Every structure is written in C-alpha cells, then in structure tokens.
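Structure assessment
Residues per chain, in single letters:
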Amino acid sequence: MTPPEDGHDGPYDAPIRIAPRAVPAEWIDYNGHMNVAYYTMAFDQSLDVFLERELGIGERFVASERLGPYALQAHLSYLGELLEGQSFTIEIQLVDADAKRMHVMLVMRNSKTGEIAATCEEMLMNVDLKTRKSAPYTDWAQTRIQRLLHDHADLERPVQMGQAIGIRRKG
C-alpha cells in the first residue's frame, strides 16, 4: 500500500479547519434551531474531509484497501444555537494516537461570531473491513498521524474534553 499522490506531506495546520458551511432549512427542528442529529452529521462529514484531505485514509483509501475508520465513542457538548442560514466552521485537533486508534477533538464555531456552538470528542479505530477486526494503520499513514500529533501537541485543549456526563450539583 503506497500513500496517495494527493496526500499531505508538509506541516499540518493547528488546528485543521474545515471550510465553512451554512445551516440548511431541513436541519432546523421545532425549536427553531439546528437539530442535534445534524450537529452529529456535520461533525462526521468534517471527519470524512479531514481523513481524506489531511491523512489520505478517507473514502478513496477505504474503497481501494478495505481498511477504514470506525467510531468507538463520541461525546458531544451543545454550547450555543445555530439558526437557519448561519455559517459555521469545524476545527479538528488530534489529541492522541497509536498504531490503530486516534483520539480527536472537534470544535464547531459560528463563523460570524467565532463562538463555540458545539464540541465533539471522538475515538476512532482502524478496522480491516474483510475481517471486521481492528488493524494497524499502514506505515505511511502512521507517519502522517504522528506528524499531525506532533504539530497539534501545543494546542490548548477545549474545556469540554474528557468531561464526564452527569448532573452537577452545588454544595
């Protein structure tokens, strides 16, 4: 398996920014704001762009090599509303990685105000789609992942990262 020709070979942006997009009307729920399901979809679609564009292990790689990312765990925090037509961007930070897994943090920002609308902390694992079992990333992919991890090492981590879910009681 050789790295794709269009893969990333230089230093990585810190964080990786995915192009802005606008909230379509069909993503609006009866509360008049973007529905939680579409936050999840927007984060997932941004991860697809990230894996394809930055690491070369996205959809085209999966189709040819039958190795692909599985989501093992995700934790979303909803911090602000997005309304119909509002533009948002997603920033992706690689927090940790090993031969088979990546721990990523995604931050969705209102493009106009810069305010955080939501965060998504996710654990991904590489899977051999023939055996349906975990498998190490290819050597060249591991090299890219480690370079990205190095380039993101000094980024500040969002306060939402690693938080437990539960009712916080005073006193």
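Criteria and thresholds
Residues take numbers from 1 onward in each chain, read along the sequence in its written order. Since the coordinates come from a predicted model, pLDDT governs what is reported: local features require at least 70, and pairs of side-chain atoms require 80 or more to be given and counted, while whole-chain, interface and lining totals use all residues. Side-chain numbers here rest on the full set of heavy atoms in the structure, without hydrogens or water. Segments assigned H or I by DSSP are reported as helices when at least four residues long, segments assigned E as strands when at least two residues long, and all are numbered from the N terminus. Based on C-alpha atoms, the radius of gyration is set beside the globule rule, defined as 2.2 Å times the residue count to the power 0.38. Residue burial is assigned from relative accessible area. The probe radius is 1.4 Å, only protein chains are included, and a residue is buried under 20% of its type maximum, exposed over 50%, and partly exposed in between. Note on contacts: a residue pair is in contact if any heavy atoms of the two residues lie within 4.5 Å. Note on areas: Shrake-Rupley with a 1.4 Å probe; residue coverage comes only from the protein chains shown. Charge convention: Lys and Arg are scored as positive, Asp and Glu as negative, and His as well as the terminal groups of each chain are ignored. By convention, the point assigned to a charge is CZ for Arg, NZ for Lys, CD for Glu and CG for Asp. Salt bridges, as used here, are contacts in which a Lys or Arg side-chain nitrogen is within 4 Å of a carboxyl oxygen on Asp or Glu. A 3.5 Å cut-off defines polar contacts: any pair of N or O atoms within that distance qualifies, except that in protein one atom must be a possible hydrogen donor and the other a possible acceptor, and neighbouring residues in sequence count only when both atoms are side-chain atoms.

**Regarding the overall build of the protein chain**
If you tally the helices and strands in the protein chain, you get three helices and six strands. Ordered by position from the N terminus, the helices and strands of the protein chain form the series β-α-α-β-β-β-β-β-α. For 171 residues, the compact-globule formula gives about 16 Å, and the C-alpha radius of gyration of the protein chain, at 17 Å, lands near that figure. Its C-alpha atoms put the protein chain at 50 × 40 × 35 Å along the principal axes. Expressed as a percentage of its 171 residues, the buried residues of the protein chain come to 41%. Contacts in the protein chain between residues at least 24 apart in sequence constitute 71% of all its contacts with a sequence separation of at least 6. Total accessible area on the protein chain stands at roughly 9800 Å², and carbon and sulfur atoms take up 51% of it. Distance between charge centres in the protein chain, computed from 18 positive and 25 negative side chains, equals 5 Å.

**Observations regarding the pattern of salt bridges**
Scanning the model with the defined rule gives five salt bridges in all. Notably, a salt bridge pairs Glu-52 with Arg-60, separated by 2.5 Å at the nearest N-O pair. Accessibility expressed as a relative area gives 51% for Arg-60, which makes it exposed. Arg-109 is the partner of Glu-91 in a salt bridge, and the nearest nitrogen-oxygen pair spans 3.2 Å. One end of the pair, Glu-91, is in strand S3 (residues 87–97); the other, Arg-109, is in strand S4 (residues 101–110), and 18 residues separate them in sequence. The network of salt bridges with shared partners includes Arg-17, Glu-91 and Arg-109.

**Regarding the environment of Ala-99**
Tracing the sequence through the fold places Ala-99 in the loop between S3 and S4. Judged by its relative accessible area of 32%, Ala-99 falls in the partly exposed class. Considering only alpha carbons, one finds Ala-99 and Gly-114, 15 residues apart in sequence, at a separation of 34 Å. Apart from the residues lying within four places of it in its own chain, the contact partners of Ala-99 are Ala-135, Pro-136, Tyr-137 and Gln-142.

**Description of the environment of Thr-131**
Among the secondary structure elements, Thr-131 is positioned in the loop between strand S5 (116–128) and strand S6 (133–134). For Thr-131, a relative accessible area of 46% corresponds to the partly exposed category. Note: C-alpha distance between Thr-131 and Leu-67 (64 residues apart in sequence) is 9.8 Å. A distance of 3.3 Å separates a polar side-chain atom of Thr-131 from the backbone nitrogen of Lys-133.

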